[in-house]
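Here's the letter readout for the chains.
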Amino acid sequence: RHIDKEQYTVSHDSQVMVRGDGQIVSEVVSSQAEMLTQYGGVFPKMAEEGHAKAIDKVVSEAILQAGVKESSLSAIAVTIGPGLSLCLRVGVRKARSLAKLYQLPWIGVHHMEAHAMVARLMDRQLEFPFLVLLVSGGHNLLLLAQKVGDYIQLGTTLDDAIGEAYDKTARELGLDLARGGGPAVEELALEGNPKAVNFSIPMRNIRDCNFSFAGLKTQVKLAIASKAITTELVPIKDADAEDRQLRADIAASFQRVAVLHLEDRCARAIEWAQSMSPIKALVVSGGVASNKVVRQRLGELAEKHGLRLSCPPPRLCTDNGVMIAWTGVEHFKLGRSQPPPPYDEPEDVHLDLRPRWQLGEIYTEGQRHTR
Ligand code: ATP
Ligand code: FE
């Protein structure tokens, strides 16, 4: 079916309705951020229960807010991976039950593809092929995007993602995690000297496009220990001026090196990508792409290489349902959707969840470049 201005897809990542022309018709978010602040992490069972409790209400609110009937939807998009299967299951069950009830086609979306594709919703000039850097809580990817659904993976992280390193640094510096670790480190770094601590840039002598943040995380921990900051006992708001300055210096130095590592790998990926495709833009997305230093430094890097930087607004860089719905639209327009589940489909039907799901083909030619 053709999808036009008057038709809609709805996503159940957070609950959002996006029209075929990219207009966001409604958006309802239910957050579990308090779990992070209270327990310092995400616990699968607790997250699942939270989703299950919220999903019906959030979906009906989104539909109500949009002022459309379920029966006038064109399709339903839902995240099927990667991620915690317990949580994915909640969304997929709900999406399939709606698809069954209203006989709608549905689209299973890759969460990281959605982080990348949302750039095309905000930037209508963004044409394939382009290079993508995805920087989030669980992933660090460099992709050559050739078409919708057609990606070559140039690099990934060998251990942690940059967002995780930000979060860990925030925790060790005793920062307030209410708005997330990344924003807290970014804010404190403004008060610090980025050259105060001489952290080493990861993987400098490895000539590929992969990332590593575990070593930097350890360096931060050691720096904190050697400066004897009592983070366990004193939250940042209670730190004296000298202690606060030390922490700000560590935050700024961490950020400088983390971003230098991104720049390093991106510069090489631009070369690799340009040897294959006439790319004109660099997309940077995922939660960490809301960071101003990241945006600025990668913008400068792109410009130096004659590329345009395309970076979604911060609220679309961090997890959101718009990106899932929009990626659904992109695939639906190309006729890539699943037929509505039959009315007599049993409730306990096997769900095609993909907790581990690689995005794109790995660029094996990369070996050639590293020699
Ligand atoms: P993934 O997308 O890999 O599955 P996720 O969905 O948890 O992981 P996102 O919501 O895309 O990740 O991003 C969250 C991450 O972004 C967190 O690690 C958070 O600290 C980081 N982040 C958010 N804002 C900033 C910022 N201003 N500076 C640095 N990091 C940030
Ligand atoms: Fe994400």
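These figures come from a predicted structure and were not determined experimentally.

A. Just the overall build of the protein chain, in detail. Helix and strand counts for the protein chain stand at 12 helices and 11 strands. Its C-alpha radius of gyration of 21 Å places the protein chain within 12% of the 21 Å reference for a compact globule of 371 residues. Counting only C-alpha atoms, the protein chain reaches 65 × 50 × 30 Å along its principal axes. Counting only residues that meet the buried cut, the protein chain has 48% of its 371 residues in that class. For the protein chain, the share of sequence-separated contacts (at least 6 apart) that also reach a separation of at least 24 residues comes to 76%.

B. Region of interest: the sheet that holds strand β10 (residues 308-310). With mixed pairing, six strands are arranged side by side in an open sheet as β10-β9-β6-β7-β8-β11. The open sheet has two edge strands, β10 and β11 (361-362), and neither has a second partner. When strand β8 (residues 150-155) meets β11, the two strands line up parallel, connected through two bridges. Among the inter-strand pairings, Q153 is bridged to a residue of β11, identified as I362. Packing of helix α4 (residues 111-122) onto the sheet brings it into contact with β6 (130-135), β7 (140-147), β9 (281-285) and β10, and relative to β9 it is tilted by some 125 degrees.

C. View of the site of ligand 1. Taken together, the neighbourhood of ligand 1 is formed by 22 residues, with G137, G138, G163, G182 and G287 sitting nearest. Secondary-structure elements contributing two or more residues to the shell around ligand 1 are α4, α5 (162-172) and α6 (181-189). Counting residues per element, the shell around ligand 1 draws most heavily on α6, at four residues. Class assignment of the residues belonging to the shell around ligand 1 gives a composition of four nonpolar, 15 polar and three charged.

Here is what the cut-offs are and how they apply
- Within each chain, residue numbers correspond to sequence positions counted from 1 in written order.
- Starting at A for chains and at 1 for ligands, labels are handed out in the order in which the entities are written.
- Local features are withheld for residues below a pLDDT of 70 in this predicted model, meaning they are given only at 70 or higher, and side-chain atom pairs are given and counted only at 80 or more; totals for whole chains, interfaces and linings count all residues.
- Strands are runs of DSSP state E lasting at least two residues, helices are runs of H or I lasting at least four, and both sets are numbered from the N terminus onward.
- Each radius of gyration reported is based on C-alpha atoms, and the globular scaling rule is 2.2 Å times the count of residues to the power 0.38.
- Buried means a residue has 20 or more other C-beta atoms within 10 Å of its own C-beta, exposed means 12 or fewer, and partly exposed covers the counts in between; C-beta atoms are placed from the backbone.
- Each residue is represented by a C-beta atom placed from its backbone, and any two residues with such atoms within 7 Å are regarded as in contact.
- Between any two strands, pairing holds if DSSP finds at least two bridges.
- Geometry is summarised by axes, namely lines fitted to C-alpha atoms with helices restricted to the contacting stretch, and by angles between N-to-C directions that run from 0 to 180 degrees.
- Note on definitions: a residue is near a molecule or strand provided its C-beta atom, placed from the backbone, lies within 6 Å of it.
- When residues are sorted by character, Ala, Val, Leu, Ile, Met, Phe, Trp, Tyr, Cys and Pro go into the nonpolar class, Asp, Glu, Lys and Arg into the charged class, and all the rest, Gly among them, into the polar class.

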